[in-house]
Amino acid sequence: MKKNEELIKQCPKPTGELGCQVASKINSHHEELWRWGLSFIDIKDNMSILDIGCGGGKAISIMSSLSRAKKITGIDYSEDMVQFAGNVNRDLINQGLVEITHGDVSSLSFSSDTFDLITAFETYYFWPSLIDNFKEVRRVLKPGGIFLLVNEAYKDEKFEERNSYLAEIINMRYHTPEELTGFLIESGFDSVDNFTVPEKNWITSVSIK
C-alpha cells in the first residue's frame, strides 16, 4: 500500500504511531478551515461546549483562545486521540477549562440540554447512523443551542474525482449542502444555514435547536 493511502486510512480513527502522525498533520493543515468555520458563530463567554471527534485537539485550543468558555469538553472514540489531544491541551486541562474523554456520537454520555454549542470538525463523514447521530447531538444541546459542522468536502462535481477517491479508501460519506440541510431538519433542528467556499470545496453548517 502506498504511504499516502496508509495515512489516509488513519483518518476515521487515528491509532498508534501512524495515527499520531496524522493527528499532528491535521492540527497544522486544517487550522485555516477551522477558523473559517468558527467565524460564522459567536462563542460567548461562559458557554458550555462539546467537540465531537476532537482528534488531535487543536480545534479545542482555537475555541478556547476565542473566548472565556465555561468549559470545553472534547470526546473521541480513539483512545490514542484522547491522549494526544490531552497533551496538546495540557495547560487548559490543568486550568479546568478543558476536559477530554473517550466517547462515541452514537451514545453521548451527557444529560439532555447540557451544551450551548456542539462542534464537529471533519468527522461527520464517518458517523455510523447519520439521522440517529444528529438526533443524539440535538438531545444534549440546550434549547436555542448551536450545532456547528465544519468540513473540507461536500458533494460537487468539480471535486468528485478527489472526493470519490477518498470515499473509496476510507468509506467516507459526504453530501450536497441541500442533502445535509435535509438530514439536519429531519433530525429536528429548527433552522440550518450553510456557508461554502466553492473554490476549496469547504462547507460549514450552522444549525439551531
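Computed from a prediction, not measured in an experiment: that's the story for all the values here.

A.B. asks: When you look at the overall build of the protein chain in this model, what are you seeing that I'm missing?
C.D. replies: Within the protein chain, the regular secondary structure consists of 9 helices and 7 strands. In summary, the protein chain has a C-alpha radius of gyration of 16 Å against a globular reference of 17 Å for 209 residues, a match within 12%. Referenced to the eigenvectors of the C-alpha coordinate spread, the extents of the protein chain come out at roughly 45 × 40 × 30 Å. In the protein chain, of all internal contacts separated by at least 6 residues, the share reaching a separation of at least 24 is 70%. A total accessible area of about 9,800 Å² is found for the protein chain, and carbon and sulfur atoms account for 48% of it. Between the mean site of the 22 positive side-chain charges and the mean site of the 31 negative ones, the protein chain shows a separation of 4 Å.

A.B. asks: Quick question: what am I supposed to make of the environment of Y165 here?
C.D. replies: Mapping Y165 onto the fold places it in helix α8 (residues 160–170). Note: C-alpha distance between Y165 and F110 (55 residues apart in sequence) is 36 Å. With residues near it in sequence (within four places) discarded, Y165 still touches N4, E5 and I8.

A.B. asks: When you look at the nonpolar core in this model, what are you seeing that I'm missing?
C.D. replies: Side chains that are nonpolar tend, in soluble globular proteins, to be buried together. Judged by nonpolar contacts, the single largest core of 32 residues is most densely connected at L50, I52, I118, Y124, W127, F134 and F147. Mapped by element, the contributors of at least two residues to this core are β1 (48–52), β4 (115–121), α7 (130–140), β5 (141–151), α8 and α9 (177–186). With 4 residues, the single largest contributor to this core is α7. Setting aside residues no more than four positions away along its own chain, F134 makes contact with Y124, W127, F147, L149, L180, F183, L184, S187 and F189. Residues I49, A59, I72 and I146 belong to the second largest nonpolar core, which totals 29 residues.

A.B. asks: Sorry if this is basic, but what is going on with the pattern of salt bridges here?
C.D. replies: Between side chains of opposite charge, a pair can form when the charged atoms approach closely. Following the criterion strictly, the structure yields 8 salt bridges and no others. Salt-bridge contacts for E32 lead to K200; the nearest nitrogen and oxygen are separated by 3.0 Å. Separated by 168 residues along the polypeptide, E32 in helix α3 (residues 31–38) and K200 in the loop between β6 (191–197) and β7 (202–208) bring together distant segments of the chain. Between K44 and D42 there is a salt bridge, with the nearest N and O atoms lying 3.6 Å from each other. A relative accessible area of 49% means that K44 is categorised as partly exposed. Put simply, E31, R35 and K58 are held in one network by salt bridges that share partners.

A.B. asks: Help me understand the sheet that holds β1, please; the structure alone is not making it clear to me.
C.D. replies: Two modes of strand pairing occur in sheets, parallel and antiparallel, and in both the strands are linked by backbone hydrogen bonds. The strand order across the open sheet formed by 7 strands is β3-β2-β1-β4-β5-β7-β6, and the pairing between neighbours is mixed. Each edge of the sheet is formed by a strand with only one pairing partner; in this case those strands are β3 (98–102) and β6. Here the strands of the sheet are splayed against their neighbours by 15° on average, with no regard to which way each runs. Looking at chain direction, strand β2 (residues 71–76) and β3 are connected through 5 bridges and run parallel. If you follow I75 over to β3, its bridge partner there is T101. α7 contacts β1, β4 and β5 of the sheet and is inclined by roughly 135° relative to β5.

A.B. asks: Honestly, the state of the cysteines in this entry has me stumped. Any pointers?
C.D. replies: In a disulfide, the sulfur atoms of two cysteines are held together by a covalent bond. The full count for this structure, using the stated rule, is 0 disulfides. Free of any disulfide, C11 has its nearest cysteine sulfur in C20, 13 Å distant.

A.B. asks: I keep staring at α8 and nothing clicks. Help me out?
C.D. replies: Every α-helical turn comprises 3.6 residues, leaving residues that sit three or four positions apart pointing alike. By the burial criterion, the buried members of α8 are N163, A167, I169 and I170. For α8, the arc enclosing every buried residue in end-on projection is 165°, short of the 170-degree limit, so these residues lie on one face. Projecting away from the buried face of α8 at angles above 90 degrees are the exposed residues E161 and E168. A positive phi of about 55° marks N171, the residue just after α8.

A.B. asks: What's the story with the pairing of β1 in this structure? I'm lost.
C.D. replies: On a regular strand, one side chain projects to one face of the sheet and the next to the other, so that they alternate. Burial within β1 is extensive, with 5 of its 5 residues counted as buried. Direction of pairing for β1 relative to β2: parallel, over a ladder of 5 bridges. Each bridged residue has a counterpart across the sheet, and for I52 the counterpart in β2 is I75. The parallel pair β1 and β2 is bridged by helix α4 (residues 58–66), and the resulting crossover is right-handed. Strand direction decides the pairing type here: β1 and β4, joined by 3 bridges, are parallel.

Definitions and limits used
Residues numbered from 1 in each chain as written. Predicted model: local features only at pLDDT ≥ 70, side-chain atom pairs only at ≥ 80, totals over all residues. Heavy atoms only, no water. Helix = DSSP H or I, 4+ residues; strand = E, 2+ residues; numbered from the N terminus. Rg over C-alpha atoms; globule rule 2.2 N^0.38 Å. Contact = heavy atoms within 4.5 Å. Areas by Shrake-Rupley, 256 points an atom, 1.4 Å probe, with all protein chains shown as cover. Lys, Arg positive; Asp, Glu negative; His and termini not counted. Charge placed at Lys NZ, Arg CZ, Asp CG, Glu CD. Core = buried A, V, L, I, M, F, W, Y, C linked by side-chain atoms within 4.5 Å. Buried < 20%, exposed > 50% of the residue type's maximum accessible area, 1.4 Å probe, protein only. Salt bridge = Lys/Arg side-chain N within 4 Å of Asp/Glu carboxyl O. Pairing = 2+ DSSP bridges. Axes fitted to C-alpha atoms, helices over the stretch in contact; angles between N-to-C directions. Disulfide = S-S within 2.5 Å. Arc of directions from axis to C-beta. Right-handed = clockwise from strand over helix to strand, strands pointing away.

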